[in-house]
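# Remarks on the overall topology
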Amino acid sequence: MTLTERIGALSGVGEARETTYGTPVVPATATPFLSCTLAPDPGLFSPEVIMELRELQVYDMYGQYKFAGAVGGPVMPTNGIPYLVNAIGSDSVSGTAAPYTHDIQPTSYSSLTIEKILGGYQSEQYAGCRVNKYTLKSAATDTPLEFTADVIAQSAKVLDTPNPLTFVNESPFVFAEGSINWNGNQIGPVITSIQVDIENNLAQTWTHGGTHDLEFLTPTARHVSGTFDVVYYSLDDAVYGFYQEMFTGGTVSLQGIWQHPNGEGIAVNVNAAALSKLADDIKINDVIVQALSFEGFYGLEYAAPSVSAMVTNNRSTAF
């Protein structure tokens, strides 16, 4: 038997929104990925019984099948956007010509089929996927705007023939295309990096339904938080005095916008944010940087959920 090695460069990740939870579909979009750690856990265990043996494990048994991992990559106008939509809720499209506007709101929740292609040879097809945590990160360095989606799946199977993937011809966003608004003020000139985390706290429930796969994968309490680093300017300035602002109370809006010159872009909105921590990074050979943490809230005064997003691209249908 002659063995043939498979190279990582021929691998791929594709995804599509499912019509019925847990029923797999072929990829509708593809993601140029930096990492994909989706993997199975068959729930191997052995009850610790006493039966005149020194062995701790006697019975090899399988319990809860678990399928989880993370998909991470650069953020683009189209490629990879299904993970952002799934993390927040649903996508509503408007417009009669490109660029179309995708309004992403936490109104309803769907699931994804994610296909992880290994070396162009076979696939691991994960069905009933939902995003447990989505992280968006932008740094003023030689890196693109990046996302990481921690995913939990209901089931998985092997495909001996991978489904074809279609990538949209587009580029990632970079920090120079970004602007950060805090309380209506453009604070991008002092921002060196920013991160927004959206957590869905998925509840996994197995039942006596005749399968090892989980039966319910339920988004429970949403938690939005994040961090941003700023070049220190003032402790109590009306715009940049974040130290003083921590003690004034109340919430403000936070919006991160990244936009290509052709009008395609992404905006993530934390509708009611409040500062929770501040740390001064003082070094002898560098400028002073303040590391700030924030928490997102529902914001009763706005009657709006803690997070939403808007994407403009050349896709006329919802993700």
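Scroll up for the structure.
Structure report, in brief. Every chain begins its residue count from 1, and numbering advances along the sequence as written. With pLDDT at 70 or above as the cut-off, local features in this predicted model cover only qualifying residues; side-chain atom pairs require 80 or more to be listed or tallied, and sums for whole chains, interfaces and linings still use all residues. To get the side-chain values, take all heavy atoms of the structure and skip hydrogens and water.

### Considerations on empty space enclosed by the protein
Short version of the rule: The distinction between a cavity and a pocket rests on a 1 Å grid over the protein atoms alone: a 1.4 Å probe fits inside a cavity but cannot get out, while a pocket stays open yet meets protein on both sides within 12 Å along at least five of seven lines, and a residue with an atom within 4 Å of a point counts as lining. Grid points are joined across faces, edges and corners, and a volume is the space filled by probe spheres set on the points. Numbering goes from the N terminus for both helices and strands, where a helix is a DSSP run of H or I of at least four residues and a strand is a run of E of at least two.
Counted under the stated rule, the structure contains two cavities of 30 Å³ or more. What lines the largest cavity is a set of 13 residues, and nearest its centre among them are Leu136, Ile194, Val196, Gly256 and Trp258. Looking at the lining of the largest cavity, the elements with two or more residues in it are strand E11 (122–139), strand E16 (191–199), strand E20 (252–259) and strand E21 (265–281). In terms of residue count, E20 provides more of the lining of the largest cavity than any other element does, four residues in total.

### What to know about the environment of Gly256
This is how it is decided: Partly exposed describes any residue whose relative accessible area lies between the buried limit of under 20% and the exposed limit of over 50%, with all areas from a 1.4 Å probe on protein chains only and scaled to the type maximum. Residues are treated as being in contact if the distance between any of their heavy atoms lies within 4.5 Å.
Residue position: Gly256 is located in strand E20. By relative accessible area, which is 5% here, Gly256 ends up buried. Along the sequence, Gly256 and Ala309 sit 53 residues apart, while their C-alpha atoms lie 9.4 Å from each other. Other than its neighbours up to four places away in sequence, Gly256 contacts Ser179, Ile180, Ile266, Ala267 and Val268.

### Looking at the packing of aromatic side chains
Cut-off, in case you're wondering: Two rings belonging to Phe, Tyr or Trp (six-membered ring only in the last case) form a pair when the distance between their centres is within 6.5 Å. Interplanar angles under 30 degrees mark stacking, angles over 60 mark edge-to-face geometry, and anything in between is tilted.
Tallied over the full model, the rule gives nine aromatic pairs. Their ring planes at 25 degrees and their centres at 5.6 Å tell us that Tyr83 and Phe147 sit as a pair that is stacked. Of this pair, Tyr83 sits in helix H1 (residues 81–88) while Phe147 sits in strand E12 (residues 146–153), and the two are 64 residues apart along the sequence. The same class applies to Tyr83 as to Phe147, namely buried.

### So, the side chain of Glu264
Just so we agree on the cut-off: For the purpose of charge, His is not counted, nor are the chain termini; Lys and Arg are scored as positive and Asp and Glu as negative. Here a salt bridge means any side-chain nitrogen of Lys or Arg lying within 4 Å of a carboxyl oxygen belonging to Asp or Glu. Nitrogen and oxygen atoms within 3.5 Å of one another constitute a polar contact, given that in protein one can donate a hydrogen and the other can accept it, and given that sequence-neighbouring residues count only through two side-chain atoms.
Examined against the element boundaries, Glu264 turns out to sit in the loop between E20 and E21. Buried charge without a partner: Glu264 forms no salt bridge, and the closest opposite charge is Arg315, 11 Å away. A distance of 3.3 Å separates a polar atom in the side chain of Glu264 from a polar atom in the side chain of Asn314. If sequence neighbours within four positions are ignored, Glu264 has contacts with Pro77, Phe173, Trp258, Gln259, Thr312, Asn313 and Asn314.

### Observations concerning the pairing of strand E14 (residues 178–182)
For the record, the criterion: Any two strands between which DSSP finds at least two bridges are classified as paired.
Taken across its five residues, E14 has four buried, putting it largely inside the fold. Here E14 runs beside E20; their pairing, made up of five bridges, is antiparallel. Bridging across to E20, Ile180 finds its partner in Gly256. As defined by bridge partners, E14 adjoins strand E15 (residues 185–186) across two bridges and the pair is classed as antiparallel. From the neighbouring strand, Asn181 faces E15, where its bridge partner is Gln186. Hairpin connection of E14 to E15: two residues between the antiparallel strands, including Asn183 at a positive phi of 55 degrees.

### Re the state of the cysteines
Just so we agree on the cut-off: Cysteine sulfurs are considered disulfide-paired once they come within 2.5 Å of each other.
Under the criterion given, the structure shown has zero disulfides. Left without a disulfide partner, Cys36 is nearest to the cysteine sulfur of Cys129, which lies 9.7 Å away.

### Describing unusual backbone geometry
Following Ala98, the chain continues into Pro99 via a peptide bond in cis, with omega recorded as 0 degrees. Positive phi is not limited to glycine here, since Glu52 has a value of about 60 degrees. Relative to the helices and strands, Glu52 is located in the loop between strand E5 (44–45) and strand E6 (61–62). The phi angle at Asn183 is positive, at roughly 55 degrees, despite the residue not being glycine. Secondary-structure assignment places Asn183 in the loop between E14 and E15.

### Brief notes about the pattern of salt bridges
Taken as a whole, this structure holds two salt bridges when the rule is applied. The partner of Glu124 in a salt bridge is Lys116, with the nearest N and O atoms 3.9 Å apart. Residue classification places Glu124 among the partly exposed positions, given a relative accessible area of 21%. In this structure, Lys283 and Asp281 form a salt bridge, with 3.8 Å as the shortest nitrogen-oxygen distance. For Asp281, a relative accessible area of 35% gives the class partly exposed.

### Description of the environment of Ser123
Relative to the helices and strands, Ser123 is located in strand E11. Among the residues examined, Ser123 registers a relative accessible area of 2% and is labelled buried. Residues Ser123 and Pro162, spaced 39 residues apart in sequence, show a C-alpha to C-alpha distance of 5.3 Å. Discounting residues that sit within four places of it in the chain, Ser123 has contacts with Glu115, Lys116, Ile117, Lys157, Val158, Leu159 and Pro162. In this structure the side chain of Ser123 is engaged in a polar contact, spanning 2.8 Å, whose partner is the side chain of Glu115.

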